[in-house]
Every structure is written in C-alpha cells, then in structure tokens.
Amino acid sequence: MPELPEVETVKKGLLHLVQHKRIAEVIVRWPKIVEVPTVDEFCQNLIGEQIENIQRRGKFLLFKLTHFDLISHLRMEGKYEYFPEEELVQVDKHTHVIFKFTDGSQLHYNDVRKFGRMILVEKDQGPLYKGIQKLGPEPTSDEFDLANFASNLQKSTSFIKPLLLNQKVVAGLGNIYTDEALWFAKIHPQQPASTLTHSQIEDLREAIIEVLGRAVKAGGTTIRSYKNALGEAGAFQLDLMVYGKTDEPCPRCGTPIAKIQVGQRGTHLCPYCQKIRGQDS
DNA sequence: ACGTCTGTTCTCCT
DNA sequence: TAGGAGAACAGACG
C-alpha cells in the first residue's frame, strides 16, 4: 500500500493506536525482513522500548523509541495490523513480525511478498540511514521549490516518469501518483526530463503537490483491498483519473486511456492530452 | 497450466 | 555515475 499518502495514513493510524506503548516481546518469523542488526539483537534491543512518536519521510516510517529509531519500509504490500487484546490475535502465513506490548495488545507486520524491510538504529540516527538520506525533498516542503526542481530535471538524461520514481528529485511518488500527476500536468511519461518547458515544470510541480495532498486528505488509495489493515479500513478513497483505467475514457477529453511500459513499469496515460511537446535539447 | 502483471528499491553491469 | 535489467517474493488474472 505504499506511496506517500498511504504511508502517511498508516502513520496516523498507528500513532493513534500504539503511541506510548511499551514493547514486551518481539517475534520475527521471516528473518530477511530485518535488515539491520541481527534478528536476535533486533528483538533484544526492542524489549522495554516505548513508542514515543511515529514519523514519515518519503515512503519510510520512522518509529521513535526510547533508545532507538525503528525504520520500516512497506515496499509493495507491507501492512500493519493491530490487535487490542490477545484473544483477538490472528497470525497467518504472511505475518512476519509481531510486536507484543506490555498491555497485552499486539502490532503485526504482514507482507505477502516479503519485500518490506525494518532497520533498527541508535536513537535519532534514522535520518542517516542510506535509504532515507538520499531522498529528495518532501513534496509539501519549501525545499521542493521550483528552481531546484527545474534544475534537477534539466540535469537528467532520463524520461520524466522514471526520474520521478527514483525518489531523488522529490520523495514519495510511486507508480500510481506519478501517472496521476503526469496526467494532470498533461505531460507524456516518456518525455525526456531535460526537455520540459518551464511552464510544464511549473504545472508538474503543482500537480505533484496537489495529487499527493489530495490523496493524503482522502486517506490514500487502495487498489487491491484487504481488510483490517491500517490505512485501508474505512478510509475515503481518492478517485483516480488514469491509473488502472486502461481503455476507459479520459476524464478530460474522452480518448481511451492507454497503457504502455516505461522503464519496466506499467504506465497509464491519455494519448491525446499527454503528447511529447517539450523543447529540443 | 502458464505466462504476465502487481502500490518498491537494491544490486549488478555496461 | 547514470540508467537499464534482474532480483527479492507470492498471488491474481486471463
């Protein structure tokens, strides 16, 4: 479930449920989920830790504990599920990490594809983790300013879509919201980033901020729906314009939405609205 | 039944 | 060093 808006929604949900709880025990059922340190250290170090706060950076969750930062990335299908009491707990084959709290409640990390990762580092060292350190600005922050964005696009030799997906120019976009933002800005995903006109760059920046902002307000988007997972249950869903709408009419002009491959990723666009129309360079 | 696709990102290679 | 392919996994779909 993880682009920026979904992760933000999970963060809020988790904060509400587990802030100030103290960890009594941790069980790791699929060791590869824990990247650093060893599974034994991971479990040992977490005992007695209290969840002071939960933050988000790009698509990373950052649990601020008493003596550590726990970094969690959901990758493709990672989910958290909360059980208020032991009697209600359900462990299935995709439950890979179990956090038991001193009050008897539990937080489970489920991940069908096992791509998600957890990293435990010393207190306040989370932002130094390599995956977080290389992230571009948050799309809502002042850092994501037009001049800087434009300069990054001009320096690139790649298509605009793969560039937006790599997290370095701006953090938090994934396959869905990149397609949506490019549609709003009327930019073809395969337009070379360095050929975008200034007006296209302005439109794109606005579209990114707008699309992600609206998705955060809506509580994210669920493509495949699962029950009971944080950030999915009961949330409003953002209405998507192009993602997953292959052959449906473009909401702007009625032309059927096309699906193509761009850099290994399925890509949805309106072939009429989104023509490659940058300047030569 | 099999090939293809999937909300991600890391490593390896050129 | 930038960027493309493949990998890490499991399941849904036609």
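Small disclaimer: the values here were computed from a predicted structure and weren't measured.

**Q** Before we move on, can you summarise the UniProt feature "binding site: DNA" (unreviewed entry) in chain A with the specific residues and values?
**A** Here the UniProt feature "binding site: DNA" (unreviewed entry) sits at His94 and Arg113. Judged by maximum C-alpha separation, these annotated positions cover 20 residues in sequence but sit close together in space, the widest gap being only 8.2 Å. Locating His94 in the fold gives a position in the loop between strand 6 (78-83) and strand 7 (95-101). Taking the relative accessible area as the measure of exposure, His94 reaches 23% and is therefore partly exposed. Leaving out residues up to four positions away in the same chain, His94 has contacts with Tyr109, Asn110, Asp111 and Val112. Within the fold, Arg113 resides in the loop between strand 8 (106-111) and strand 9 (117-122).

**Q** Can you break down the sheet that holds strand 7 residue by residue, with the values?
**A** Pairing within the open sheet is antiparallel, and its four strands lie in the order 1-7-8-6. Where the open sheet ends on each side, the last strands, each with one partner, are strand 1 (23-28) and strand 6. On average, each strand axis in the sheet is inclined to that of its neighbour by 15 degrees, with strand direction left out of account. The strands touched by helix 1 (residues 4-18) are strand 6, strand 7 and strand 8; relative to strand 6, the strand with the most contacts, the crossing angle is about 25 degrees.

**Q** Could you give me a rundown of the pattern of salt bridges, with the residues and numbers involved?
**A** Summed over all chains, the structure comprises 13 salt bridges. In this structure, Lys11 engages Glu8 in a salt bridge whose closest nitrogen and oxygen atoms are separated by 3.1 Å. Residue Lys11 and its partner Glu8 are located together in helix 1, separated by three residues, close to a single helical turn. Like Glu8, Lys11 is buried. When salt bridges that share partners are traced, they join Glu8, Lys11, Lys12, Arg56, Arg57 and Glu138 into one network.

**Q** Lay out the domain arrangement of chain A with the relevant residues and their values.
**A** As a measure of interface size, the accessible area lost when the parts come together is often cited. You can read the domains of chain A as domain 1 (4-133) and domain 2 (146-269). When each unit is reduced to the centre of its C-alpha atoms, the spacing between domain 1 and domain 2 is 28 Å. Buried area between domain 1 and domain 2, both sides added, is near 1500 Å², and the carbon and sulfur share of it is 64%. Our enumeration of links across domain 1 and domain 2 arrives at zero salt bridges.

Criteria and cut-off values
- Residues numbered from 1 in each chain as written.
- Chains lettered and ligands numbered in written order.
- Predicted model: local features only at pLDDT ≥ 70, side-chain atom pairs only at ≥ 80, totals over all residues.
- Heavy atoms only, no water.
- UniProt positions renumbered as here; feature names shortened; annotations may be inferred.
- Helix = DSSP H or I, 4+ residues; strand = E, 2+ residues; numbered from the N terminus.
- Buried < 20%, exposed > 50% of the residue type's maximum accessible area, 1.4 Å probe, protein only.
- Contact = heavy atoms within 4.5 Å.
- Pairing = 2+ DSSP bridges.
- Axes fitted to C-alpha atoms, helices over the stretch in contact; angles between N-to-C directions.
- Salt bridge = Lys/Arg side-chain N within 4 Å of Asp/Glu carboxyl O.
- Domains from an automatic or database assignment.
- Buried area = accessible area lost by both parts, 1.4 Å probe.

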